[in-house]
Amino acid sequence: MKETKSWPDLAKDLTAQLRNLRGGAPEVMKAFSSIAQAALAPKALDAKTKELIALGIAVAVRCDDCIAFHVKAAFEQGASQEEVTDALGMAIYMGAGPSAMYASHALEAFRQFASASAPAASAA
């Protein structure tokens, strides 16, 4: 049986690995960071909408690491599960069957990030 991955742990681990990459290829990673900042800057679309678009693309190109980062960012930008699901519907429409499989990964990732940030139930 396949073990369910922890999407928050994946995002955390990847952040550490990207830090290592920045040390080894600082000019390239600085340029990539500049592209990301320019693309994410709110203009005609707000940051949440842009993260939902990025999530749809992550699903369509079948990038688990990208799913982890963009679900986390969409959640942090205030995306609801309904907005994530709607964006995933577009990814499935554009990418057919394989995108449906990766959309299920993204939805589980959203649930894990939401669960991790929920206040702990008080012990009575």
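(A) Summary view of the overall build of the protein. For the protein, the helix and strand inventory stands at 5 helices and 0 strands. Ordered by position in the sequence, the α and β elements of the protein form the string α-α-α-α-α. With the C-alpha coordinates of the protein rotated into their principal frame, the extents come out at 50 × 40 × 35 Å. Each of the 124 residues in the protein was classed as buried or not, and the buried ones make up 27%. Look at the contacts in the protein between residues 6 or more apart in sequence, and 72% of them connect residues 24 or more apart. Taken as a whole, the protein presents about 8000 Å² of accessible surface, with 62% of it coming from carbon and sulfur. Computed over 12 positive and 13 negative side-chain charges, the separation of the two mean positions in the protein equals 5 Å.

(B) Spatial organisation of the pattern of salt bridges. Counted by the stated rule, this structure contains 3 salt bridges. We note a salt bridge from E83 to K48, for which the minimum N-O separation is 2.8 Å. Here K48 lies in helix 3 (residues 47-60) and E83 lies in helix 5 (residues 81-117), a separation of 35 residues in the sequence. Taking relative accessible area as the criterion, E83 reaches 28% and is therefore assigned partly exposed.

(C) How the structure looks around a nonpolar patch on the surface. Together, L45, I53, I57 and V61 make up an exposed nonpolar region whose accessible area comes to about 350 Å². Positionally, I53 belongs in helix 3. Residue I53 is classed as partly exposed on the basis of its relative accessible area, which comes to 42%.

(D) Region of interest: the packing of aromatic side chains. By the definition in use, this model includes 1 aromatic pair. For the pair F75 and F110, a centre-to-centre distance of 5.6 Å together with 70 degrees between the ring planes defines the contact as edge-to-face. Taken together, the residues F75 in helix 4 (residues 64-76) and F110 in helix 5 connect sequence positions 35 residues apart. Residue F75 is classed as partly exposed on the basis of its relative accessible area, which comes to 24%.

(E) Structural detail: the state of the cysteines. Evaluation of the coordinates by the stated rule reveals 1 disulfide. Each disulfide pairs two cysteine sulfurs, and for C63 the partner residue is C66, the sulfurs being separated by 2.3 Å. Taking the sign of the torsion about the S-S bond as the criterion, the disulfide between C63 and C66, at about 65 degrees, is right-handed.

(F) Molecular detail of the packing of helix 4 against helix 5. Direction vectors running N to C along helix 4 and helix 5 enclose 45 degrees, while the axes themselves pass 9 Å from each other. Taken together, the axes of helix 4 and helix 5 are oblique relative to one another. Crossing handedness for the pair helix 4 and helix 5: right-handed. Of the residues in helix 5, those touching helix 4 at D64, I67, A68, V71, K72 and F75 are Y102, H105, A106, A109, F110, F113, A114 and S117. The class makeup of the residues in the contact of helix 4 with helix 5 is 10 nonpolar, 2 polar and 2 charged.

(G) A look at the nonpolar core. Counting 23 residues, the largest nonpolar core has L55, V59, I67, V71 and L88 as the members making the most contacts within it. In terms of residue count, helix 5 provides more of this core than any other element does, 10 residues in total. Excluding residues within four positions of it along the chain, V59 makes contact with I67, L88, A91, S99, Y102, A103 and A106.

Cut-offs and rules
- Residues numbered from 1 in each chain as written.
- Predicted model: local features only at pLDDT ≥ 70, side-chain atom pairs only at ≥ 80, totals over all residues.
- Heavy atoms only, no water.
- Helix = DSSP H or I, 4+ residues; strand = E, 2+ residues; numbered from the N terminus.
- Buried < 20%, exposed > 50% of the residue type's maximum accessible area, 1.4 Å probe, protein only.
- Contact = heavy atoms within 4.5 Å.
- Areas by Shrake-Rupley, 256 points an atom, 1.4 Å probe, with all protein chains shown as cover.
- Lys, Arg positive; Asp, Glu negative; His and termini not counted.
- Charge placed at Lys NZ, Arg CZ, Asp CG, Glu CD.
- Salt bridge = Lys/Arg side-chain N within 4 Å of Asp/Glu carboxyl O.
- Patch = residues over 30% accessible without salt bridge, like charges linked within 9 Å, V, L, I, M, F, W, Y side chains within 5 Å.
- Phe/Tyr/Trp six-rings, centres within 6.5 Å; stacked < 30°, edge-to-face > 60°.
- Disulfide = S-S within 2.5 Å.
- Axes fitted to C-alpha atoms, helices over the stretch in contact; angles between N-to-C directions.
- Parallel < 35°, antiparallel > 145°, perpendicular 65-115°, else oblique.
- Left-handed = near helix turned anticlockwise from the far one by under 90°.
- Nonpolar A, V, L, I, M, F, W, Y, C, P; charged D, E, K, R; others polar.
- Core = buried A, V, L, I, M, F, W, Y, C linked by side-chain atoms within 4.5 Å.

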